[in-house]
Amino acid sequence: MKVLVIGQGGREHALAWKLAAAESVTDVFCAPGNAGMATVGSCVPLPSDDIPALVSFAREQSIDLTVVGPEVPLVNGLVDAFQAAGLRAFGPSKQAAALEGSKAFAKEIMRRGNVPTADHVVLETLEEAQTFLQDREDQSWVVKADGLAAGKGVIMCDDRIQALEAVRHILVEDAFGNAGKQVVIEETLVGQEASILALVDGNTIVALESSQDHKRAGDGDTGPNTGGMGAYSPAPLVTPELMSDIERNVLVPTVHAMKLAGCPFQGLLYAGLMITNQGPRVLEFNVRFGDPEAQPVLLRLRSDLGEVLLAAADGRLAEFGPLEWDPRPSVCVVMASDGYPEKYQTGHPIQGLDQAAALPDVEVFHAGTTAADGQVLTSGGRVLGITALGDDHSDAKRRAYEAVKCIRWEGAWCRKDISDKVRQP
């Protein structure tokens, strides 16, 4: 079948790479794609948010399945537009995508489904926040912009003063535009994070292998939040018993609550969890593959990704047996541009890509790259996701950083401690 992958980041490169290797897939198109995606498919210069143009292209090319990478087109109703045109698309409807598009909506769904999450409040004014915080003991808080903020709308606060400043930053200073019309203030959860990605066809849920992201920019989880500086799979803290708990108390009730709310979920459900001493608690829901979690997870997947995503889009996941996985762990290290996640320069030539890709059990996934005059240039903050398999997590980490050392451009940097938090259960 012909597949169209929408997006241009590391997640989309991993999806296109895995789909291109699937026996069920004959052609892969990428819109708009990047320099890496051009090596596994045909890139077409269509922005991921130009829904009418994407629908027209899919019709003209007789695309059998469209796989949507980023959240913005999902929240804007791309899947609805494709379905209205009689085209298959893997992803949730606009209504269901509100699970990521609005943190307040997600909290309401969790309340209806009795899904464990942090205690919280949804507010619209600075005065409401002042009243709320003054009535409570001084403690650490997490302040979140309600809408989509490219992974940067979450502010960790040590006390009441910082929390009020964060609310002011979002509501008064309009730091995140329309995404900050409301804020969610919630208690800080303590524990280790885990990412659980699950395929959902409206009824059947198929959880993928676990992973753990590294959100902070600096080693030791210091510095500002980013879109993700690396990930590994599996996350050993997610034992089989804990996974059963997550499926029973998080995934199933969330999908059921969405159905009862009149917006059944079909696509990729991502539960970002904090594993606390009291059990798993939901930090956030996303409605697409995580980035960079998709890279190490998909590197380990042995099943035909085209077949399974088509089955999810058609409501046939129940026909599939268990997915097949490479038992070896994988580690993804994100290489970023100097200045990220704040201001950074682009257009720097990247050296050493072929040398890194030639290493055994290593894949170099492009995130922010473009090709010009025979060179690959940086075009984003997160530039590459160097992903490797190994006999254990330490071996996978060693292989990933060996590949990182091959690659150079002006201002390149990465965290040095990806996967160091691995502990055996």
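Look above for the structure.
Treat the numbers as computed from the prediction; the structure is a model and nothing was measured. (Residues numbered from 1 in each chain as written. Predicted model: local features only at pLDDT ≥ 70, side-chain atom pairs only at ≥ 80, totals over all residues. Heavy atoms only, no water.)

Student: Before we move on, can you summarise the nonpolar core with the specific residues and values?
Tutor: Within the largest apolar cluster, 77 residues are counted, with the highest numbers of intra-cluster contacts made by Leu99, Val250, Leu384, Ile386 and Ile407. Element by element, the count of residues in this core is highest for helix H9 (residues 240-260), at eight residues. Residues within four places of Val250 in sequence aside, it is in contact with Val115, Pro116, Asp245, Ala271, Leu273, Val282 and Phe285. Of all hydrophobic cores here, the second largest spans 40 residues; its members include Leu208, Val297, Leu310 and Ala313. (Core = buried A, V, L, I, M, F, W, Y, C linked by side-chain atoms within 4.5 Å. Buried < 20%, exposed > 50% of the residue type's maximum accessible area, 1.4 Å probe, protein only. Helix = DSSP H or I, 4+ residues; strand = E, 2+ residues; numbered from the N terminus. Contact = heavy atoms within 4.5 Å.)

Student: Can you break down the pairing of strand S9 (residues 183-187) residue by residue, with the values?
Tutor: Most of S9 sits out of view: four of its five residues are buried. As judged from the five bridges shared by strand S7 (residues 141-145) and S9, these two strands associate in the antiparallel manner. Its bridge partner lying in S9, Lys144 is registered against Val184. (Pairing = 2+ DSSP bridges.)

Student: Give a detailed account of the pattern of salt bridges, specifying residues and quantitative values.
Tutor: Opposite charge on two side chains permits pairing when their charged atoms draw close. Inspection of the entire model under this criterion finds 25 salt bridges. When the shortest N-O distance is used, the salt bridge between Asp420 and Lys397 registers 2.6 Å. Placement of the pair is Asp420 in the segment after helix H13 (393-404) and Lys397 in helix H13, with a sequence separation of 23 residues. Note that Arg398 is salt-bridged to Glu402, the shortest N-O span being 3.6 Å. Highlighted residues: Arg398 and Glu402, both in helix H13, separated by four residues, approximately one helical turn. Relative accessible area serves as the criterion here: at 45%, Arg398 is assigned to the partly exposed category. Given a relative accessible area of 37%, Glu402 falls into the partly exposed group. A single network of salt bridges, built from pairs that share partners, joins Arg302, Asp326, Arg328, Asp361, Asp395, Arg398, Arg399 and Glu402. (Salt bridge = Lys/Arg side-chain N within 4 Å of Asp/Glu carboxyl O.)

Student: Residue-level account of helix H8 (residues 160-172), with values.
Tutor: Over its 13 residues, H8 extends 17 Å from the first C-alpha to the last, a length consistent with the 18 Å expected when each residue adds 1.5 Å. Within H8, the full set of buried residues consists of Ala163, Leu164, Ala166, Val167, Ile170 and Leu171. Around the axis of H8, the buried residues are gathered within 160° of arc, so they sit on the same side. Among the exposed residues of H8, those oriented more than 90 degrees off its buried face are Ile161 and Val172. Looking at the buried side of H8, the elements it contacts are helix H7 (126-134), S7, strand S8 (154-157) and S9. Here H8 starts with a cap whose side-chain oxygen sits 3.2 Å from the backbone nitrogen of Ile161, and that cap is Asp159. (Expected span 1.5 Å × (residues − 1). Arc of directions from axis to C-beta. Polar contact = N/O pair within 3.5 Å; in protein donor to acceptor, adjacent residues only side chain to side chain.)

Student: Please set out helix H11 (residues 305-314) residue by residue, giving values where relevant.
Tutor: Burial within H11 is extensive, with eight of its 10 residues counted as buried. Within H11, burial applies to Leu305, Gly306, Val308, Leu309, Leu310, Ala311, Ala312 and Ala313. The secondary structure elements touched by the buried residues of H11 are helix H1 (10-20), strand S4 (65-68), strand S5 (89-90), strand S10 (192-201), strand S16 (266-276) and helix H10 (294-300). Here H11 starts with a cap whose side-chain oxygen sits 3.0 Å from the backbone nitrogen of Gly306, and that cap is Asp304. Looking one or two residues past H11, Gly315 carries a phi angle of roughly 75°, positive in sign.

Student: Please give an account of the packing of aromatic side chains that cites residues and values.
Tutor: Applying the stated criterion across every chain, the model contains five aromatic pairs. Consider the rings of Trp17 and Phe365, whose centres lie 5.4 Å apart with planes at 75°: the pair is edge-to-face. Of this pair, Trp17 sits in helix H1 while Phe365 sits in strand S19 (residues 362-366); the two residues are 348 residues apart in sequence, bridging distant segments of the chain. When the centroid spacing of 5.6 Å and the interplanar angle of 65° are considered together, the rings of Phe132 and Trp141 count as edge-to-face. For Phe132, a relative accessible area of 12% translates into the label buried. (Phe/Tyr/Trp six-rings, centres within 6.5 Å; stacked < 30°, edge-to-face > 60°.)

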